[in-house]
Amino acid sequence: MFTGWQKRTILVYFASLGPGLPVLNLYFRPWLLRWAGVGVGHAANIMPRIQVTPGRLAIGKGVFINTDCRFACGGGITIGDHCQISARVSFETISHRLLPVMDGKRPSYPAPIVVENNVWIGSGAILLPGITVGEGAVVAAGAVVTKDVRPFTVVGGIPARVIHDLNTSQVNGSPPFSSPPHQSPVPVTS
């Protein structure tokens, strides 16, 4: 009845509909995406209004994807485990030649995007073809990522550049600053 790409398009369309109810986000949307051929890990939480174009998409376990995200999968997209992807993030895996051609068409050049484990991507960020976002990195809201992002760094801006290096003690549960010594509210006198 339907060819492979038609089935995928229909299933992705239905996965993007509906309110952001937990039962839809944790079970129904991931199930539809799996049925469409997308690799979706356990406990992935996918909010409504996502766009997924044809190509390879793999989503790790425990990933949160907020509303209005776009996945242009022509070059392939891999998202590691426990990543947080904020609203309106765009993964663009295809670029085009800069010089014009006679018939008005520019050849396309696909390149994969890899997002490693425990990455946080802020609202409205754009990830361009051929980049890798290292483990534990943070991409600031509105950033345009044109180059690889080192692990445990914060990047932001257009084009994105390193804003801050995170040390691993911050990532492993320790507070990012030292706590002030405990002081008694009332002085003790003897």
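So, how was this worked out
Residues numbered from 1 in each chain as written. Predicted model: local features only at pLDDT ≥ 70, side-chain atom pairs only at ≥ 80, totals over all residues. Heavy atoms only, no water. Helix = DSSP H or I, 4+ residues; strand = E, 2+ residues; numbered from the N terminus. Pairing = 2+ DSSP bridges. Salt bridge = Lys/Arg side-chain N within 4 Å of Asp/Glu carboxyl O. Buried < 20%, exposed > 50% of the residue type's maximum accessible area, 1.4 Å probe, protein only.

(A) Looking closely at unusual backbone geometry. Each neighbour pair has its own omega, and for Ile158 with Pro159 the value is -10°, a cis peptide bond. On the secondary structure map, Pro159 appears in the loop between strand 18 (153–156) and strand 19 (161–165). At Arg49, a residue that is not glycine, the phi angle is positive and equals roughly 65°. In this fold, Arg49 is placed in the loop between strand 2 (45–46) and strand 3 (51–52).

(B) Spotlight on the sheet that holds strand 15 (residues 132–133). Read from one edge to the other, the open sheet built from 5 strands follows the order 1-4-7-12-15, with strand pairing classed as parallel. Of all the strands in the sheet, just strand 1 (39–40) and strand 15 have a single pairing partner and so form its edges. In terms of strand pairing, strand 1 meets strand 4 (residues 57–59) through 2 bridges, oriented parallel. Residue pairing for strand 4: Val40 is matched across the bridge by Ile59.

(C) Up close: the pattern of salt bridges. Evaluated as defined, the whole model comprises 3 salt bridges. Residue Arg49 pairs with Asp68 through a salt bridge whose shortest N-O separation is 2.9 Å. Here Arg49 is found in the loop between strand 2 and strand 3, whereas its partner Asp68 is found in the loop between strand 5 (64–65) and strand 6 (70–72), with 19 residues between them in sequence. Judged by its relative accessible area of 46%, Arg49 is partly exposed. Of the charged contacts in the structure, one is a salt bridge between Arg70 and Glu92, with a shortest N-O distance of 2.7 Å. Here Arg70, found in strand 6, pairs with Glu92, found in strand 9 (residues 90–92); they are 22 residues apart in sequence, far enough to count as distant. Judged by relative accessible area, which is 30%, Arg70 ranks as partly exposed.

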